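Okay, here's what each chain looks like letter by letter:
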Amino acid sequence: MNSKNRKLDELAGRAIGRSGLQFDFERWKKEHGDDVREFETSGPDIEGPEQKRGTSVWRSIMRNRVLQVGVAAVLVFVVLAGLHFVEKGTTSVAWAELGQRVGSVRDFVFKVSTKATMSGQTINMEMYAYQSAQHGIRMDMYQAGRLQMMVYMAADKGEMVTVMPDAKQYIRMKMTPEYMAQWQKRQQDPRDFVKWFTSAEYTSLGRSVVDGIEVEGIEARSANVGGGMFEQADGQLWVDPVTQWPVRMEIKGRLALGMGEMELAMYGFEWDKVLEPSWYAPVIPEDYKQQGSTMTVAMPSEETMLQGLKVFAELSGGTYPAGLSIADISAELGKLMASAQLQGDIDKSEMQQKAMDISQAGGFYIKLVTEKKNPEYFGKDVTAADADKVLMRWKSGEGKMKVVYGDLAIEEVDDVNEPLSQ
Amino acid sequence: MLMQVDDRTEMQMVEAAKGGCLESFGELCSRYYNAMAAVGYSLLRDRQLAEDAAQETFARAIRNIRKLDGSQKFGAWLAAICRNVSKDMRDARKRTVELKAEDLLPAESTEDVGASEIRKAIWELGDEDRETILLRYYNELSQEKMGEVLGISRSAANRRLKKAQERLARILGRYGFGEIEI
């Protein structure tokens, strides 16, 4: 900078400079109390510029601020549930002792940090999970250090309750007996990830210090990680050689079905911990209100998918979702619910259950994809009036296909391996 | 390894604020207060009103932050709100009292000789140049921060500042400050 330029800096700085300006946030909060209260009591707003396909799950579910957190939770839950119950084969096992040892643990505690990027939006979340084969699951979910949700899934009651302190609301979902039976049979949690690490082709990371503990690590990369949750992922597993228990796992990769990307870190493990049954009883303060009515969650199945498509067609006047991926379903739900709400022809409880039903159609589709049943869906071109057109089809067995028509009639036919021309 | 909570980038703070974290919103306000005061000052020509505009900007921001699209830059979004707030305040002020240009340039008893002329020269600049100059000199904002507020890159902010400085230097030359090269 030359001397003449310095002169301009000095002149302008002296004439208009305003050094020492400080923002007093505490005072500002007092002066804008109404805005602050509104901010603190309302959920994430999904009322965006324009609803468009492929926008964030969190933004495009529906325009109702009160309902959206709950429905987002339901949607994510159902989609994960779809992945949850995917049966998968096991391959050759290395570190077999570790996989078996961890697999036999019934009760444990752990922390999870997630960073998910979906449709350009990043969501960071921290969770404290208390997992018990006997009692169920409890997860306390935080965003930016703030408790957002407590999720209780009581194994004996077949019920999931989500408590949302900010909104002073809760959601109650009832699981069908089939759902609970499957849940008891297989749970997608850190134990499954350990099995993935120990069965994948891995490389040694040697010794290191992680979370203050001397550990030994392995690194793995493969497709179809976490029962299909990740399409492709890289991960590191660190184990304490003294106790032989996992200390930390980190997985980073592409989520299945183009849902986005996720970094997942699981740590703070307490294996074989004695967990109190009382931790699994939802604590719902008296002034909290139930959001909608109690919803029923069934295993993703043909029936739940057909019901979801039927509900969608009833709301839309005969059309079906253009796609059944999580992005498509969330975007379609957003448009549909906003439209139904604008017309005032649907109440909140009804809306929530319908959103759940429609989401379950997506859950079954994801299940088919991850089970490699090659589902093909033509919702973009087929309507409820097209009784002679194929709406969806997938491999149902050796040489067999299930076919769903526009009027939701379903039949099993021989797989002639022909492309559809519709 | 995942980033720790205390080591958050601005983008993470924006996401946290969108998720309902008031502390993150407060931190963002603190980061942008000076810049918003400068933007307000460039339109209102009054320091106190400029600070009021900055505070009202945050009030509008907290009501709308959840609508902020992921592709939008927070600083530029905030500055756009601040310009609107400041224009509203300026219009309201014009309606209540007809002010002369001199009234909008309060002299300060302890100020240096020529400061008033320099401010007059700054007000002669076009809106964009004036805002750029004020962002730089009102509270010595870095060019990187200027870029965030203007919604442009650091180097583009640097180029814009240079051009605004050249125009200001020419006006100051007319005011008898001699030749000031940039």
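Treat the numbers as computed from the prediction; the structure is a model and nothing was measured.

Colleague: Is there a simple way to explain the overall build of chain B in this structure?
Modeller: When its secondary structure is counted, chain B shows eight helices and zero strands. Here chain B holds 182 residues, and the buried ones make up 51% of them. If you take every contact in chain B between residues at least 6 apart in sequence, the share linking residues at least 24 apart comes to 61%.

Colleague: Whenever I open this one, the sheet that holds strand β17 (residues 410-414) of chain A confuses me. Can you help?
Modeller: Pairing between the strands of a sheet is mediated by backbone hydrogen bonds and can be parallel or antiparallel. All names here are of chain A. Strands sit in the order β14-β15-β16-β17 across an open sheet of four strands; the sheet is antiparallel. Of all the strands in the sheet, just β14 (376-377) and β17 have a single pairing partner and so form its edges. Where β14 lies against strand β15 (residues 390-397), two bridges are found, and the strand directions are antiparallel. Across the sheet, residue Y377 finds its bridge partner in β15, namely M392. Sheet strands in contact with helix α9 (residues 302-316) are β14, β15, β16 (400-405) and β17, and its direction is about 175° off that of β15.

Colleague: How do you make sense of the interface of chain B and chain A when you look at a structure like this?
Modeller: It is common to give the size of an interface as the accessible area lost on bringing the parts into contact. Between chain B and chain A, the residue contacts involve 55 residues of the former and 50 residues of the latter. Taken together, the two surfaces of chain B and chain A that pack against each other cover about 4,600 Å², and 60% of this comes from carbon and sulfur. Connecting chain B to chain A are one salt bridge. In this structure, D35 of chain A engages R63 of chain B in a salt bridge whose closest nitrogen and oxygen atoms are separated by 2.8 Å. At the surface where chain B touches chain A, the tally comes to six residue pairs in polar contact (both at pLDDT 80 or more). At the level of elements, α1 (10-18), α2 (22-44), α3 (47-64), α5 (115-124), α6 (127-137) and α8 (154-177) of chain B are the ones that each hand at least two residues to the side of chain B that touches chain A. Top element by residues in the side of chain B that touches chain A is α2 of chain B. It accounts for ten residues. Each residue belonging to the side of chain B that touches chain A can be placed in one class, and the counts come to 30 nonpolar, ten polar and 15 charged.

Colleague: What's the story with α8 of chain B in this structure? I'm lost.
Modeller: Residue and element names in this part refer to chain B. Compared with an ideal rise of 1.5 Å per residue, which puts 24 residues at 34 Å, α8 spans 30 Å between its outermost C-alpha atoms and falls more than 12% short. Of all the residues in α8, the buried ones are A156, A157, L161, A164, Q165, L168, A169, I171, L172 and F177. Of the residues one or two after α8, G178 is the one with positive phi, at around 80°.

Colleague: How should I be thinking about the nonpolar core in this particular structure?
Modeller: As a rule of thumb, nonpolar side chains are buried together in soluble globular proteins. Core analysis: the largest hydrophobic core is formed by 68 residues, its most contacted members being F25 and M36 of chain B. Here the element with the most residues in this core is α2 of chain B; it accounts for 13 residues. In terms of domain composition, this core takes at least three residues from each of domain 1 (12-99) and domain 2 (104-182) of chain B. F25 of chain B has contacts with F25 and W28 of chain A together with A17, F58, A61, I62 and I65 of chain B, leaving out every residue within four places of it along the chain. Counting 46 residues, the second largest nonpolar core, distinct from the first, contains L98, Y179, A200 and M249 of chain A.

Colleague: Is there a simple way to think about the side chain of R130 of chain B in this case?
Modeller: Residue and element names in this part refer to chain B. Checked against the element boundaries, R130 lands in helix α6. The buried category is assigned to R130, whose relative accessible area is 4%. Separated by 2.7 Å, the side chain of R130 and the backbone oxygen of S42 make a polar contact. A distance of 3.0 Å separates a polar atom in the side chain of R130 from the backbone oxygen of L125. Apart from residues lying up to four places away in sequence, R130 is in contact with S42, I122, W123 and L125.

Colleague: I would appreciate a short explanation of the pattern of salt bridges in the present structure.
Modeller: Side-chain pairing between opposite charges can occur once the charged atoms of the two side chains come close. Within the structure shown, the criterion is met by 28 salt bridges over all chains. D127 of chain B is paired through a salt bridge with R130 of chain B; the nearest N and O atoms lie 2.8 Å apart. Taken together, the positions of D127 of chain B and R130 of chain B, both in helix α6 and three residues apart, correspond to about one turn of that helix. Connected through salt bridges with shared partners, the residues D35 of chain A together with E56, R60, R63 and D88 of chain B form a single ionic network.

Colleague: How should I be thinking about the pairing of strand β4 (residues 146-154) of chain A in this particular structure?
Modeller: Within a regular strand, side chains alternate between the sheet's two faces. All names here are of chain A. In terms of residue burial, β4 counts as a mostly covered element, since eight of its nine residues are buried. Inspection of the sheet shows strand β3 (residues 136-143) paired to β4 by eight bridges, in the antiparallel sense. Opposite I137, over in β4, you have M153 as the bridge partner. Where β3 hands over to β4, the hairpin turn is made up of two residues, of which A144 adopts a positive phi near 50°. Looking at chain direction, β4 and strand β5 (residues 159-164) are connected through five bridges and run antiparallel. Pairing of M153 across the sheet is with M160, part of β5.

Colleague: Where do I start with the side chain of E51 of chain B in this structure?
Modeller: Residue placement: E51 of chain B occurs in helix α3. By relative accessible area, E51 of chain B is classed as buried at 11%. Discounting chain neighbours no more than four positions away, the residues touching E51 of chain B are R18 and L21 of chain A together with Y33 of chain B.

Rules of the game
- Residues numbered from 1 in each chain as written.
- Chains lettered and ligands numbered in written order.
- Predicted model: local features only at pLDDT ≥ 70, side-chain atom pairs only at ≥ 80, totals over all residues.
- Heavy atoms only, no water.
- Helix = DSSP H or I, 4+ residues; strand = E, 2+ residues; numbered from the N terminus.
- Buried < 20%, exposed > 50% of the residue type's maximum accessible area, 1.4 Å probe, protein only.
- Contact = heavy atoms within 4.5 Å.
- Pairing = 2+ DSSP bridges.
- Axes fitted to C-alpha atoms, helices over the stretch in contact; angles between N-to-C directions.
- Buried area = accessible area lost by both parts, 1.4 Å probe.
- Salt bridge = Lys/Arg side-chain N within 4 Å of Asp/Glu carboxyl O.
- Polar contact = N/O pair within 3.5 Å; in protein donor to acceptor, adjacent residues only side chain to side chain.
- Nonpolar A, V, L, I, M, F, W, Y, C, P; charged D, E, K, R; others polar.
- Expected span 1.5 Å × (residues − 1).
- Core = buried A, V, L, I, M, F, W, Y, C linked by side-chain atoms within 4.5 Å.
- Domains from an automatic or database assignment.

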